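# A structural walkthrough
The residues making up each chain are set out below.
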Amino acid sequence: MLHYESTVREPLVNGSKDYHQVTEDIISPLEKKPGKLWWIALGFALTMLLFGVWSVFWETYWGIGVWGENRTVGWAWDITNFVWWVGIGHAGTLISAILLLFRQGWRTGVNRAAEAMTIFAVLCAGQFPVWHMGRVWLAFFILPYPNSRGPLWVNFNSPLLWDVFAVSTYLTVSILFWYSGLIPDVATIRDRAKKKFAKWFYGICSFGWRGTAKEWQRLEALALLLAGLSTPLVLSVHSVVSMDFATSVIPGWHETIFPPYFVAGAIFSGFAMVQTLLILTRKILHLEDYVTLGHIEAMNKIIMLTGGIVAMAYITELFIAWYSNVVYEQGAFWWRIFGPYWWAYIILITCNVVSPQLFWFKKLRRNIPFTFVMSIVVNIGMWFERFVIIVLSLYHDFMPSAWVYYSPRWPELGFYIGTFGLFFTCYLIFAKYFPVIAVWEIRSVLKRSGESYKQQMVAIEQKTTEEFMQEVQHEHAVAAH
Amino acid sequence: MAIKQFVVASFQDEELLVPAVKKVRAVGYKLYDVFTPFPVHGLDAAMGLRQTALHTAGFIYGALGTATALLGMSWIFVVSWPLDIGGKPHFPLPAFVPITFELTVLFSAVGTTLTFCWLNQIMPGVKKHIFHPRQSDDRFVMAIEVTPRTHVDEVKQFLLQQGAEEVTVQTAEEGWWYGFFSKKEKYEQTNPQWSVQ
């Protein structure tokens, strides 16, 4: 008896499965030709991507002026979308790193898809600051390298530069973490492959992995180390993003509460996006046995918790604005709620504070259509949170004569749609050609948390302690001889 | 490296494999390696493997990152081009914290991953002999190297007694080489009995 887990905990893998069945369930969809639905979805995603490319081309050709931004509102949709996408990425790292450190077995069912989501979301996020530069051909100026312009170095005091380092480090580490976990599964696909191209392609991607004892030992050490590094990293990334605002002297931005507030919001929206993706993926690829209701409920609980933290931050912000007695700070929040953008604030509060409270009901937490709708509602809310913070702190600045109302124009809208295209194109290709569930990690929890294995524990749990001890001692005695 | 002969046993369950590994070591056969579809805890102890030193490597790379960031930024701001940014000091240590942290993480993660690949000798384009086509699926495979003093039949019998599902004798390259998994190796084509059934 190598494995034991109480039957009180829900099984992580439903149904009676052995190791081979797990491999079949997850890997055989990759070996078939893509279906009609996949092509339609890919076509849709590529259309969005192309529209985005056109919008970005238009913006680069004519300049930033084609966006709706102006002298008062210098940051708007682009930075809103940047923060939103980076935030979405955070759930993937939380699942793969923090839940690994906390030894949460349920991460095995969702970590691969969530990590992929992280990488694609950060890729999308990175587009916004880069194209917002306007003269994008000078983008390499943000890198500190000895140059012939002085040398003119970058400003290491600037949070915008910290962002460059934070986001690029985050992307790199996420890719390493994701791919190192993917290698053994790619090796599985390679060993099963019948077609020549598949053998060649997955052979290269598997790096020649064989799963020797030493390889596994090192992989587990690497995963633990990367988890240890990613945990503070993920907290630092959104903290640094929040410092883009918090270190400025704009009322509504200049708040010490920002780093934890942003991190909680990031995890909140990220888990919502994981739900959106996984509810669709499990349905289409028939993975209901691996992404169970228990998984969905666990994630809904995290959405509730982080939603609560975010709500607390909104209240604190309002209280401190009033309590500070600074007229500009009070003004910023007054205009947030009662200004011409009142509707944005209402959407924010409804989506982020009010609606997650419905998850107090267990029936709703375990209701898949409801969770799906909620996951989209939360992400709309979190988009509006960033919009409210960014635009609603800028549009009524210190001088009433400069007050404006900001509306986006089509290239901004197109750019945002384009990043959705990029995200879904990447995700569709990933989900078709790579396993969306970490097969080897499922195998390693199968005997402890698989449904059919857990049922064998029922008989053991019904024994008295004395009976059980006697049997174990007997087993040990037999083994010793 | 070298082409060698191996006695290869496959097991259906890790609970059979671990005691078998212990027995093989006790009897004194030359254990080449064990291939499993997922990390079997306790197997490395049963094989007598040391704990990996990857963590130490990670620490050293991280320290290198910290030093690079701090020294680099200090040199740039103090020596190379002391720039007056809003009257702030030239050596603003608190402002250096975020980038120092990021570079520490970056160096440690990249360095450790590369070390991981190097230690395991894995890389795109690297090929190794696969002893059993289901060793990455649901079979637990043990390969014993045949030395001049090994009686192959005796080893076969011994492994079957330990609960092996099937035992084969294979001739294979023991190390890695550059190649593609889509291509059959020369010795496999000329000697079909050497390749995996």
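What you are looking at is a predicted structure, and each value in this text was computed from that prediction instead of being measured. (Residues numbered from 1 in each chain as written. Chains lettered and ligands numbered in written order. Predicted model: local features only at pLDDT ≥ 70, side-chain atom pairs only at ≥ 80, totals over all residues.)

## So, the overall build of chain B
Under the convention used in this document: Secondary structure elements follow DSSP: runs of H or I no shorter than four residues count as helices, runs of E no shorter than two count as strands, and numbering proceeds from the N terminus. Every radius of gyration here is taken over C-alpha atoms, with the globule rule written as 2.2 Å times N^0.38, N being the number of residues. Remark: C-beta atoms are placed from the backbone, and a residue is labelled buried if 20 or more other C-beta atoms sit within 10 Å of its own, exposed if 12 or fewer do, or partly exposed between those counts.
The helix and strand tally for chain B stands at 6 helices and 6 strands. Taking 2.2 N^0.38 as the reference for a compact globule, 197 residues should give roughly 16 Å; the C-alpha atoms of chain B span a radius of gyration of 25 Å, well beyond that estimate. The 197 residues of chain B split such that 38% are buried.

## Brief notes about the overall build of chain A
Rules: Here, residues touch in the contact sense if the C-beta positions derived from the backbone fall within 7 Å of one another.
A count of helical and extended segments in chain A gives 17 helices and 0 strands. A compact globule built from 481 residues would reach a C-alpha radius of gyration of about 23 Å, and chain A, at 25 Å, matches this within 12%. Looking at chain A as a whole, 48% of its 481 residues qualify as buried. Across chain A, the fraction of contacts at a sequence separation of at least 24, relative to all contacts at a separation of at least 6, is 84%.

## Re the interface of chain B and chain A
Put simply, the test is: Side-chain classes are defined by residue name, with Ala, Val, Leu, Ile, Met, Phe, Trp, Tyr, Cys and Pro counting as nonpolar, Asp, Glu, Lys and Arg as charged, and the others, Gly among them, as polar.
With 59 residues of chain B in contact, the opposing surface of chain A contributes 55 residues. Secondary structure elements with two or more residues in the side of chain B that touches chain A: β2 (31-35), α2 (43-47), α3 (54-80), α4 (93-120) and β3 (126-128) of chain B. Among the elements that take part in the side of chain B that touches chain A, α4 of chain B stands out by supplying 18 residues, more than any other. Looking at side-chain class alone, the side of chain B that touches chain A contains 37 nonpolar, 13 polar and 9 charged residues.

## Considering helix α11 (residues 342-354) of chain A
All names here are of chain A. Short version of the rule: An arc is given here, and it is the one of the directions from the helix axis to the C-beta atoms.
Of all the residues in α11, the buried ones are Tyr-345, Leu-348, Cys-351 and Asn-352. Seen from one end, α11 has its buried residues packed into an arc of 145°, which puts them on one side. For α11, exposure combined with an orientation more than 90 degrees from the buried face picks out Trp-343 and Ile-346. On its buried face, α11 is in contact with α9 (293-324), α10 (327-338) and α13 (368-394).

## Quick notes on the environment of Leu-176 of chain A
Among the secondary structure elements, Leu-176 of chain A is positioned in helix α5 (residues 159-192). Separated by 95 residues in sequence, Leu-176 of chain A and Asn-81 of chain A have C-alpha atoms that sit 25 Å apart. Apart from residues lying up to four places away in sequence, Leu-176 of chain A is in contact with Leu-226 of chain A together with Ala-109, Val-110 and Thr-113 of chain B.

## Structural notes on the domain arrangement of chain B
Under the convention used in this document: Domain delimitation in this document rests on an assignment produced automatically or drawn from a domain database.
Per the domain assignment, the segments making up chain B are domain 1 (3-50 + 125-194) and domain 2 (54-120). The C-alpha-based centres of domain 1 of chain B and domain 2 of chain B are spaced at 44 Å.

## Some remarks on unusual backbone geometry
Trans is the common state for peptide bonds, and a negative phi is the common state for residues other than glycine. We note that Phe-207 of chain A has phi near 60°; this positive angle belongs to a residue other than glycine. Inspection of the secondary structure assignment puts Phe-207 of chain A in the loop between α6 (196-205) and α7 (213-246). Of note in this structure, Gln-121 of chain B is not a glycine but carries a positive phi near 55°. Along the polypeptide, Gln-121 of chain B turns up in the loop between α4 and β3.

## Focus on the confidence of the model for chain B
Residue and element names in this part refer to chain B. Threshold: Residue-level confidence of the predictor is what pLDDT reports, using numbers from 0 through 100.
Averaged over all residues, the pLDDT of chain B is 88; the fraction at 70 or higher stands at 93%. Long-range and interchain partners of residues 190-197, a stretch whose pLDDT sits below 50, account for 12 contacts in this model, where long-range means more than four residues apart. The ipTM assigned to the predicted complex is 0.92, against a pTM of 0.92.

## Topic: α3 of chain B
Applied cut-off: What a helix should span is 1.5 Å times the count of its residues minus one.
If you check α3 of chain B, its first and last C-alpha atoms are 36 Å apart, about what 27 residues at 1.5 Å a residue would give, namely 39 Å. Those residues of α3 of chain B that fall on the buried side of the exposure criterion are Leu-54, Ala-57, Gly-58, Tyr-61, Gly-62, Gly-65, Ala-69, Met-73 and Phe-77 of chain B.

## Observations concerning the packing of helix α4 (residues 107-132) of chain A against helix α14 (residues 410-433) of chain A
Helix-helix packing: each pair is described by the crossing angle between the helix axes and the interaxial distance. Residue and element names in this part refer to chain A. We count it as follows: An axis is simply a line fitted to the C-alpha atoms; with a helix, the fit covers only the stretch in contact. Between two such axes, the angle follows the N-to-C directions and lies from 0 to 180 degrees. Angle categories: roughly parallel below 35 degrees, roughly antiparallel above 145, roughly perpendicular from 65 to 115, and oblique for all the rest. In this scheme the handedness of a crossing depends on how the near helix is turned from the far one: anticlockwise by less than a right angle means left-handed, clockwise means right-handed.
Close contact between α4 and α14 brings their axes to 9 Å; oriented N to C, the two are set at 150°. By the criterion of interaxial angle, the relationship of α4 to α14 is roughly antiparallel. Crossing geometry of α4 relative to α14 is assigned as right-handed. Of the residues in α14, those in contact with Ala-116, Phe-120, Ala-121, Leu-123, Cys-124, Gln-127 and Trp-131 of α4 are Phe-415, Thr-419, Leu-422, Phe-423, Cys-426, Tyr-427 and Phe-430. A class-by-class count of the residues in the contact of α4 with α14 yields 12 nonpolar, 2 polar and no charged.

## As for the packing of α11 of chain A against α13 of chain A
All names here are of chain A. Two numbers describe how α11 lies on α13: the axes approach to 8 Å, and their chain directions differ by 140°. Between α11 and α13, the angle is such that the two are oblique. Crossing handedness for the pair α11 and α13: left-handed. Between α11 and α13, the residues in contact are Ala-344, Tyr-345, Ile-347, Leu-348, Cys-351 and Asn-352 and Val-377, Val-378, Ile-380, Gly-381, Met-382, Phe-384, Glu-385, Phe-387, Val-388 and Leu-392, respectively. A per-class count over the contact of α11 with α13 returns 13 nonpolar, 2 polar and 1 charged.

## Considering the environment of Thr-371 of chain A
Residues and elements named next belong to chain A. As for its position among the elements, Thr-371 is in helix α13. Residue classification places Thr-371 among the buried residues on the basis of 23 C-beta atoms within 10 Å. Measuring from C-alpha to C-alpha, the distance between Thr-371 and Asn-300 comes to 7.7 Å, with 71 residues separating the pair along the chain.

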